[in-house]
Amino acid sequence: MEREVAIVGVGWEGFQPTTPHYSYKELIYQAAQKAYHNANVDPRKDIQSFVTVAEDFIEGTSIFDEYTPDQLGAVLKPMHTITGDGLHGLITAYLMIRSGICKIAAVEAHSKASNIKTLSQITHYALDPMLNRPFEFHPDFIAGLEMARFLHEAHITPEDCALVVQKNRRNALENPSAPYGFDYRLEEIQDCQPVAYPLLESHIAQPADGAIVVVLASREIAESLTVEPIWILGVGWCNDMYNLEYRDWGHLPYVTKAAQMAYHQAQIQTPSKKIDFAEVDDLYAYRELMSLVALGLISKHELPDALKMGKFHSTGQLPINLSGGSLGMGNLLEANGLAKLVEAVLQLRGQAGKRQLSFPHIGLVQSWRGIPTSSAAVVILASS
Amino acid sequence: MSLRKVAVVGAGMTHFVRRAKETPQELAFKAVRVALDSCELTLMDIDAVCLGTAPDSFDGIHMNGEYLSQAAGAFRKPYLRSYVGGGTGVFVPIQGWYHVASGLFDVVLVVAEEKMSSYYPHAQAAFLTIFDHTIERPLKPNLLWIFALEMNRYMTTYGLSKADIARVSVLHKRNAADHPCALLGDPNITVEDVLQSETLAWPVQRLDVSPVSDGAVALVLAAEHVARRITDKPVWIEGVGWCLDTAYWTNRDLAYPRYVEMAAKMAYEMAGIKEPRKEIHIAEPYDPFDYKALHHLEGLQLAERGKAIELYLNGDAERSGNLPICPSGGLLGVGNPIAAAGLMKVAELFWQLRGEAGKRQVPGNPKRGLAQAWGDLMQVGTVIILGR
Amino acid sequence: MNSNPYVPVVSLTEDDFSNGKVLFRHDKLDARYAWDTGIAIGAFLGGLKGGVILGSYCATCRKIVTPPRIVCEWCFRPMRRLVQLADTGRVNTFSLCYVTWDVKRISEPEIPAVIEIDGASPGHGFLHKIGEISPTEVHIGMRVQAVWKPAAERCGSITDILYFRKL
């Protein structure tokens, strides 16, 4: 397997429902200085290229990349922004290191969701202006449509989705960085207002603030640093149809394609056997199940039984979202993928505290950019 | 890991207009269609797609990259949108370059689209939100402010006259008269016309400024072994560079773009260029305002500080001159649909180096050209060097 | 050349909309934000409310900058000390602007300027406006002083300074 690029440092600040003590720049600075300390690098001397992920309307600033360099130590250096999830940013740094243009790069993602007072209106503005916006539906209707079709095709019930909520929010109790840890009973999760039937409010990850910085390096640099490198074995990313009118509502073909690309690169033929744990998209509880199927980690037919048997629990055969996922850590907007990546790095380093698995070798991280996108990314990591 | 050679093998663009009937998706699709046709490829041949488009507030669509994805040819393909404000148009082929150079992909589509006319009543109002939300926006700044402030500082530092700077606008708009896609080409424009145009934000006048426009441009990039099968005239990406300066623009020297210098040096080093003034045969510096072309030529080390105007005064900048500048007509003449305008410059180098630029063709078989874009709060430089 | 690489589009005029020749849809985004000001800008705004301009000091670069921040972008060391600056300064550059931010024409220009603040390191200042002056008299290098709102009306905003006037 290829070991060309490694993760050599992670740092994060948060995650919390609000962070009124810091501006977004100060929040990012906290994460950055921790990541650089973790990697034992000086951003001004050592880091050659920087990537931020951000969307203008989420920041409330047009051309937001203007405000990205100072708090990362990136002034007068090659730096650019990717409008994507943090995993897309990580993949960008990976591509740059492979291309030879730099040997050490930093990636940043953040959320100041608490500062956005009209998030659903902004999400609505991502819909087709002519065909979809005139209905003026709450954008979560798209998750309702998708969930309904998936439950129908996979013979899954809303109670099965409640099991995901219960698991992830319990996992979050063991994660000091996760603000939404809670030991719910199933009926408490089910006894809740539908937002877009069959989607319940309790099935939706709640917004949170936070910032994450990850340092990547080429093999020669990674092997010279003092920290244990976590290798990137494979990456994949993919977009499907933007238009709602043409989607395959019961499946996530873009997740499948992204995963296939990453598996191919990592030379993994049977992912369900090779992957020790995974951090997957759970912005809506049903998406965790849909993603697991799309990733080829379980078949649709095995899913109901696997859920009942606790296969995805922290003590199960294939632990999923040990971090607590987005349901437990909060919806960190474009930082969701990196929050999950941090968990995978900690697990592979053996630094995951009470959540630590015994000797995991290969972890998979998958993210989705959220409604209404059909944009996913997958990264496969391995310990040395 | 070594640098894999990457070529541009195809290019296409829409006409640039003030207000297109086409939706942003349709503009992107049209440019992609002609770029693929130009090298006789289909979407089946494309491994990944890179998109550039500047602020979402123009198109009026949140996550505009997602909206444009399938029109840009990204259906079920790896797809990323990069973003460095006005610098995006020259960054997106750099993004395409590192996709191919990484070894993961052989053929990559690079697309830039901008539809500025959707913003109502005028795209300029969208620029209020580029300023710092807490300490600048309450002053109700206009985009023109920062250009006017920078232009004034530049003129005053080097003692340049408005009449001299107007020569830039005149040359570029005259050049654009030969470009089939141009919005503001004018073979007869004079320095007097520029000096007598409306004063918007002194020292900036109407004809010092490029027009708000709609348009799209696409390129096809390929790895060396594939490029030679696609075309017998590949144009190589020899150097790339980019650099972002501090956001605290009121703490900086506005007379000189250090970030452009750093970006250029990165690209020159990669291309093995020691003497850019001799080794670059065509330059397409970013020219949203006339003085910016001068400012950038100095940052690019193609002129001494405060001396770029001499290239225009002594005729070097003309197509038949020693260093033809913006033979396309630039943003001032062809139009300025932000990201698309930057990529238009790279497409121009592709056509010029292949000898396919028609009436715009620079004589003497130019071998190497440079395109540069700039953006954010007078803060980012993006540079690409193409050669054959 | 294999094919014509230039593709036409349909160009519309304002009349095409008013005459109903093309259909269109208006939409307005309700985007509202409440940005946390944080430590450094929070202090800066607090200073303005109290009628003073603050900067921050980098002990590594030995430099005073304004607006203040908690990290020096040049050495990436923390900036822990706030410094009170004068409310006077020098015009680094200016413009005479005859259009408003939303492109309305005005006959008396607004005069935006970058003001280098006294007490900060050379070349360090912020964006503001110049007032109480004939536009033809403004010049680069001109000495200026802040004109403050009355204390009771100040709310911790950059507009607590009304404008700068010639000193």
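Residues numbered from 1 in each chain as written. Chains lettered and ligands numbered in written order. Predicted model: local features only at pLDDT ≥ 70, side-chain atom pairs only at ≥ 80, totals over all residues.

**Side note on the overall build of chain B**
Right, on to step 1. Helices and strands together make up the secondary structure of chain B, namely 14 helices and eleven strands.
Right, on to step 2. Dimensions of chain B, computed from C-alpha atoms along their principal axes, come out at roughly 55 × 45 × 40 Å.
Right, on to step 3. Taking all 388 residues of chain B together, the buried fraction comes to 71%.
Right, on to step 4. By sequence separation, contacts in chain B at least 24 residues apart represent 78% of the contacts at least 6 residues apart. (Helix = DSSP H or I, 4+ residues; strand = E, 2+ residues; numbered from the N terminus. Buried ≥ 20, exposed ≤ 12 C-beta atoms within 10 Å, placed from the backbone. Contact = placed C-beta atoms within 7 Å.)

**Some remarks on the overall build of chain A**
Right, on to step 1. Across its full length, chain A holds 14 helices and eleven strands.
Right, on to step 2. Here chain A has a C-alpha radius of gyration of 19 Å; the compact-globule value for 384 residues is 21 Å, and the two agree.
Right, on to step 3. Across its three principal axes, chain A shows a C-alpha extent of roughly 55 × 45 × 35 Å.
Right, on to step 4. Here chain A, with 384 residues, has 66% of them falling under the buried criterion.
Right, on to step 5. Taking as baseline every contact in chain A between residues at least 6 positions apart, the subset at least 24 positions apart corresponds to 78%. (Rg over C-alpha atoms; globule rule 2.2 N^0.38 Å.)

**Things to note about the interface of chain C and chain A**
Right, on to step 1. Each partner contributes residues to the interface: chain C has 21 residues there, and chain A has 24 residues.
Right, on to step 2. Per-class residue counts for the side of chain C that touches chain A are twelve nonpolar, two polar and seven charged. (Nonpolar A, V, L, I, M, F, W, Y, C, P; charged D, E, K, R; others polar.)

**Some remarks on the interface of chain B and chain A**
Right, on to step 1. The interface is formed by 53 residues belonging to chain B together with 48 residues belonging to chain A.
Right, on to step 2. For the side of chain B that touches chain A, the secondary-structure elements that each account for two or more residues are helix 2 (56–59), helix 3 (64–68), strand 3 (79–83), helix 4 (88–101), strand 8 (235–244) and helix 9 (258–271) of chain B.
Right, on to step 3. The dominant element in the side of chain B that touches chain A, judged by the number of residues it contributes, is strand 3 of chain B, at five residues.
Right, on to step 4. For the side of chain B that touches chain A, the class distribution of residues is 29 nonpolar, 16 polar and eight charged.
Right, on to step 5. Where strand 3 (residues 79–82) of chain A meets strand 3 of chain B, two bridges bridge the pair, whose relative direction is antiparallel. Across the sheet, residue A:Ile82 finds its bridge partner in strand 3 of chain B, namely B:Ser82. (Pairing = 2+ DSSP bridges.)

**Brief notes about the domain arrangement of chain A**
All names here are of chain A.
Right, on to step 1. As far as domains go, chain A holds domain 1 (5–117 + 208–224) and domain 2 (126–206 + 232–382).
Right, on to step 2. Taken over C-alpha atoms, the centre of domain 1 sits 23 Å from the centre of domain 2.
Right, on to step 3. With 30 residues of domain 1 at the interface, the matching set in domain 2 holds 27 residues.
Right, on to step 4. Broken down by secondary-structure element, the contributors of at least two residues to the side of domain 1 that touches domain 2 are strand 1 (5–16), helix 3 (86–99), strand 4 (104–112) and strand 7 (209–218).
Right, on to step 5. Tallying contributions element by element places strand 1 first for the side of domain 1 that touches domain 2, with eight residues. (Domains from an automatic or database assignment.)

**Looking at the pairing of strand 4 of chain A**
Residues and elements named next belong to chain A.
Right, on to step 1. Counting buried positions along strand 4 gives nine out of nine residues, so the element sits mostly inside the fold.
Right, on to step 2. Residues Ile104, Ala106, Glu108, His110 and Lys112 point to one face of strand 4 and Ala105, Val107, Ala109 and Ser111 to the other, with burial holding for every one of them.
Right, on to step 3. Note: strand 2 (residues 49–53) against strand 4, four bridges, orientation parallel. Bridge assignment links phenylalanine 50 to a residue of strand 4, and that residue is alanine 106.
Right, on to step 4. Where strand 4 and strand 7 come together, nine bridges link them in antiparallel fashion. Opposite histidine 110, over in strand 7, you have alanine 211 as the bridge partner.

**Some remarks on helix 6 (residues 158–173) of chain A**
Right, on to step 1. Its 16 residues give helix 6 of chain A an end-to-end C-alpha distance of 23 Å, which sits within 8% of 22 Å, the value for a rise of 1.5 Å per residue.
Right, on to step 2. Buried residues along helix 6 of chain A sit against helix 7 (186–190), helix 11 (285–294), helix 12 (303–309) and helix 13 (325–329) of chain A. (Expected span 1.5 Å × (residues − 1).)

**With respect to the pairing of strand 2 (residues 48–52) of chain B**
Residue and element names in this part refer to chain B.
Right, on to step 1. Across the five residues of strand 2, five count as buried, placing the element largely inside the fold.
Right, on to step 2. Side chains of strand 2 alternate between two faces, with Ala48, Cys50 and Gly52 and Val49 and Leu51 buried alike.
Right, on to step 3. Direction of pairing for strand 2 relative to strand 4 (residues 107–115): parallel, over a ladder of five bridges. Residue glycine 52 lies in a different strand from strand 4, and its bridge partner there is alanine 112.
Right, on to step 4. In terms of strand pairing, strand 2 meets strand 3 through four bridges, oriented parallel. Considered in strand 3, the bridge of leucine 51 is made with arginine 81.

**Thoughts on the sheet that holds strand 4 (residues 81–85) of chain C**
Pairing between the strands of a sheet comes from backbone hydrogen bonds, and it takes one of two forms, parallel or antiparallel.
Residues and elements named next belong to chain C.
Right, on to step 1. Spatially, three strands are ordered 3-2-4 in an open sheet, and the strand pairing comes out antiparallel. What marks the edges here is a single partner per strand, and that holds for strand 3 (63–65) and strand 4. Each strand of the sheet is rotated relative to its neighbour by a mean of 40°, with strand direction disregarded.
Right, on to step 2. Two strands pair when backbone bridges link them, and strand 2 (residues 53–58) and strand 3 are joined in this way by three bridges, in the antiparallel orientation. Bridge pairing links tyrosine 57 to isoleucine 64 in strand 3. (Axes fitted to C-alpha atoms, helices over the stretch in contact; angles between N-to-C directions.)

**Some words on the packing of helix 3 of chain A against helix 14 (residues 336–349) of chain A**
Residue and element names in this part refer to chain A.
Right, on to step 1. Contact pair helix 3 / helix 14: the axes reach a minimum separation of 6 Å and the direction vectors enclose 70°. In terms of axis orientation, helix 3 runs roughly perpendicular to helix 14. When helix 3 is examined against helix 14, the residues Gly86, Leu87 and Leu90 are found in contact with a partner set consisting of Asn336, Gly337, Leu338 and Leu341.
Right, on to step 2. Counted by class, the contact of helix 3 with helix 14 contains four nonpolar, three polar and no charged residues. (Parallel < 35°, antiparallel > 145°, perpendicular 65-115°, else oblique.)

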